[in-house]
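For reference, the chains in residue letters:
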Amino acid sequence: MKKFLSVFIAGIMALSLVACSGGTQKQADSGRDRKGRPNDEIVVSMGARIPHEFDPKDRYGMYNEAHITHSTLLRRTPDLKIVGDFAKDYKISEDGLVWAFDLHDDFKFSNGELVTAEDVKFSYEMLKEDGKHWDLEFIDSIEVPSKNKIVFKLKSPRSTFASSQLVEVPIVPKAHYDENYKQNPIGSGPYKVVEYKPNEQAIFEINPYWHGEKPYFKKWTWVLLEENTALASLESGEVDMIYATPEFADKKIDGCKLFDIESNDVRGLSMPYVKKGVINDSPDGYTVGNNVTSDPIIRKALNIGMDRQKVVDTVLNGHGKPAYSVIDGTSFWNSEAIIEDNKPEEAKKILDENGWVVGKDGIREKDGIKAEFELYYPTQDQIRTNVAVEAANQAKELGINIKLVGSNWDEMITKSHEVALLYAGGRHNPNQFFESHHPSTAGKGWTNITFYNNPKVTEYLEKAMNSSDLEEANKYWKLAQWDGNVGASVKGDIANVWLARINHTYLGDSRINVGNQGMHSHGHDWALIANISEWKWEESK
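Residues numbered from 1 in each chain as written. Predicted model: local features only at pLDDT ≥ 70, side-chain atom pairs only at ≥ 80, totals over all residues. Heavy atoms only, no water.

A. Main features of the overall build of the protein. The helix and strand inventory of the protein stands at 14 helices and 22 strands. The C-alpha atoms of the protein give 24 Å as radius of gyration, which agrees with the globular expectation for 541 residues (24 Å, within 12%). Based on the C-alpha atoms only, the size of the protein along its principal axes is roughly 70 × 65 × 40 Å. Looking at the protein as a whole, 55% of its 541 residues are labelled buried. Residue pairs at least 24 apart in sequence account for 71% of intrachain contacts in the protein once pairs closer than 6 positions are excluded. When the 64 positive and 81 negative side-chain charges of the protein are each reduced to one mean point, those points stand 1 Å apart. (Helix = DSSP H or I, 4+ residues; strand = E, 2+ residues; numbered from the N terminus. Rg over C-alpha atoms; globule rule 2.2 N^0.38 Å. Buried < 20%, exposed > 50% of the residue type's maximum accessible area, 1.4 Å probe, protein only. Contact = heavy atoms within 4.5 Å. Lys, Arg positive; Asp, Glu negative; His and termini not counted. Charge placed at Lys NZ, Arg CZ, Asp CG, Glu CD.)

B. Molecular detail of the pairing of strand E5 (residues 98-103). Two elements, strand E4 (residues 87-92) and E5, share 5 bridges in a ladder whose sense is antiparallel. Directly across from Asp89, in E5, lies its bridge partner Asp102. (Pairing = 2+ DSSP bridges.)

C. Structural detail: the sheet that holds strand E7 (residues 149-154). Spatial strand order, E4-E5-E7-E6: 4 strands in an open sheet with antiparallel pairing. A single partner strand is all that each edge strand has here, and the edge strands are E4 and strand E6 (139-146). Averaged over neighbouring strand pairs, the angle between their axes works out to 20° when direction is ignored. Looking at chain direction, E6 and E7 are connected through 5 bridges and run antiparallel. Across the sheet, the residue bridging to Glu143 is Val151, located in E7. Packed onto the sheet, helix H3 (residues 117-130) meets E5, E6 and E7 and runs at close to 170° relative to E6. (Axes fitted to C-alpha atoms, helices over the stretch in contact; angles between N-to-C directions.)

D. Spotlight on the environment of Trp409. Note on placement: Trp409 falls in helix H10 (residues 409-415). Residue classification places Trp409 among the partly exposed residues on the basis of a relative accessible area of 34%. Considered as a pair, Trp409 and Tyr376 are 33 residues apart in the sequence and their alpha carbons are 9.5 Å apart. In contact with Trp409, not counting residues within four places along its chain, are Pro378, Arg384, Leu422 and Trp446.

E. Looking closely at the packing of aromatic side chains. Tallying each qualifying case throughout the model produces 27 aromatic pairs. Taking 5.1 Å as the distance between ring centres and 80° as the angle between the ring planes, the aromatic pair formed by Trp222 and Trp526 counts as edge-to-face. Here the residue Trp222 occupies a position in strand E10 (residues 219-223), and Trp526 occupies one in helix H14 (residues 524-527), the gap between them amounting to 304 residues. Trp222 sits in the buried class, given a relative accessible area of 0%. A residue is classified by how much of its surface remains accessible, and Trp526, at 2% relative accessible area, is buried. One aromatic cluster is present, formed by Phe54, Tyr60, Tyr191, Tyr196, Phe204, Trp220, Trp222 and Trp526 through successive ring pairs. Over the ring of Tyr63 we find Arg427, and its NZ or CZ is 5.1 Å from the ring centre. (Phe/Tyr/Trp six-rings, centres within 6.5 Å; stacked < 30°, edge-to-face > 60°. Lys NZ or Arg CZ within 6 Å of the ring centre and 35° of its normal.)

F. Geometry of helix H6 (residues 296-305). Counting buried positions over the 10 residues of H6 gives 8, a clear majority of the element. Buried within H6 are the following residues: Ile297, Ile298, Arg299, Ala301, Leu302, Asn303, Ile304 and Gly305. Each element contacted by the buried residues of H6 is listed here: helix H7 (308-315), helix H8 (344-353), strand E17 (372-378), helix H9 (382-397) and strand E20 (496-509). Its side-chain oxygen placed 2.8 Å from the backbone nitrogen of Ile297, Asp295 serves as the N-cap of H6. (Polar contact = N/O pair within 3.5 Å; in protein donor to acceptor, adjacent residues only side chain to side chain.)

G. Examining the pattern of salt bridges more closely. Scanning the model with the defined rule gives 34 salt bridges in all. The residue Asp341 makes a salt bridge to Arg308 at a minimum N-O spacing of 3.3 Å. Taken together, the positions of Asp341 in the loop between strand E13 (320-322) and H8 and Arg308 in helix H7 put the pair 33 residues apart, joining distant regions of the chain. Owing to a relative accessible area of 0%, Arg308 belongs among the buried residues under this scheme. (Salt bridge = Lys/Arg side-chain N within 4 Å of Asp/Glu carboxyl O.)

H. View of the UniProt feature "domain: Solute-binding protein family" (unreviewed entry) in the protein. Mapped onto the present numbering, the UniProt feature "domain: Solute-binding protein family" (unreviewed entry) falls at residues 81-424. Secondary structure content for residues 81-424 is 23% helix and 27% strand, while the C-alpha to C-alpha distance between its ends is 25 Å. (UniProt positions renumbered as here; feature names shortened; annotations may be inferred.)

I. Seen up close, H7. Within H7, the full set of buried residues consists of Arg308, Val311, Val312 and Val315. When H7 is viewed along its axis, its buried side chains cluster within an angular range of 100° and face the same direction. Lining the buried residues of H7 we find H6, E13, H9 and E20. Where H7 terminates, the next one or two residues include Asn317, which has phi positive at roughly 50°. (Arc of directions from axis to C-beta.)

J. Fine view of the side chain of Arg364. Position of Arg364 relative to the elements: it lies in strand E15 (residues 364-366). At 2.6 Å, the side chain of Arg364 forms a polar contact with the side chain of Asp352. Looking at Arg364, its side chain comes within polar contact range of the main-chain oxygen of Trp356, at 2.7 Å. Discounting chain neighbours no more than four positions away, the residues touching Arg364 are Lys348, Leu351, Asp352, Trp356, Val357, Val358, Gly359, Ile369, Lys370, Ala371, Leu398 and Gly399.

Structure follows, in structure tokens:
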């Protein structure tokens, strides 16, 4: 396989200039040259790395990918309904503290061993003890009263339990999970990993013990390629489906088509909420505070003055929508919390009236402080780079100077509380909204990096999270965004300037039917292939 990959990469690199030149295309026909691959085998490239590498300790499962290789207790349908997976039924006590699950007795791991309640218990307790990425502290205890039953007892009601952890935590085998798990993951999903070579490829084949409908594709390979190389490989026939950045999304390739999927995957600026020196004891030890971004007038002016549609049109080539929060378009989003943007004159007036006066150099100033701040962005991410440049250009028209700093994630986490970051988000549940705005998560990883803290919003967040009634919870999620006076939104005092919701765009063989995708969440890598077990090959396409 290594020899095959070396030849494959060499061929692709030779084609890369052709792929990027926009040269003459041949007349489209019904069949691409797929280098002899049978129709029930495909090759994809969703990026140059495998995010989370099959290990739940490294967040595998958080972005809907778990069901390719594993089972979970519950699962989310494309229309965002919650249904059973390994759990065939479940009951919640009236106070929301006890969750009892009846389990299937015919689920098997890819090694042929039965999936048991003890495996479920181990998976959750292991991740709770690890504590790095999964918030499971609200679980008080887990009991296995009988062979096919498991009971979770919670410390307090958790309205997001069903829509987050229960549909995301992969069930791993207690007897085989160890520090080398990502090299040989064992799950009970429709596919098993038969080979994984970091920086090269991962090969998947049907799990022979899969309990559900047999997938059409008996084998698929994810080759780890950069965008330009992936595009060339699609043109050459070496690959059947790729993630295409907006720059490439409209490229015409014989026998291929664009798969343009709506998402709530957003990009924008994180804006430190407090002044420098107010907080000196961040849990992570990093410096906190910024004297410019902490001014709500600066944030308000940017949110009103920015032209979000222009960001979508110029950076995303129209493949997206304006963004206002990390939960746009969901059932718990408050549509009344958005504003009409692209009002630069109104933004300038707000700044003028609040003492931010334009100086001789065109940059505003107040009390000896210039209206300028650093915006860090990851240089390896072209979309974030382009959004950062466009944001800086638009802010300059308002008299606000955004100083761009190319960086990487290792450095950016250390700066995340004192400078603006070109940030991202978007999930199918309210957890990220809670974690981004509750003071208890400030300074703890990629959660409340801005140190946002509004007591009224905190009150609503806690009522929403601790509700045992979903309808009541949604009421408080929406009030946390805007209650008519305050809220963590562009209408309130949000510590962000969200700009664009990115459509996830892919180019692939027109004969591939990717099934019902639904709305994607943050992270294009796994999003399209999350339901690959439902994909079909249709010659009529």
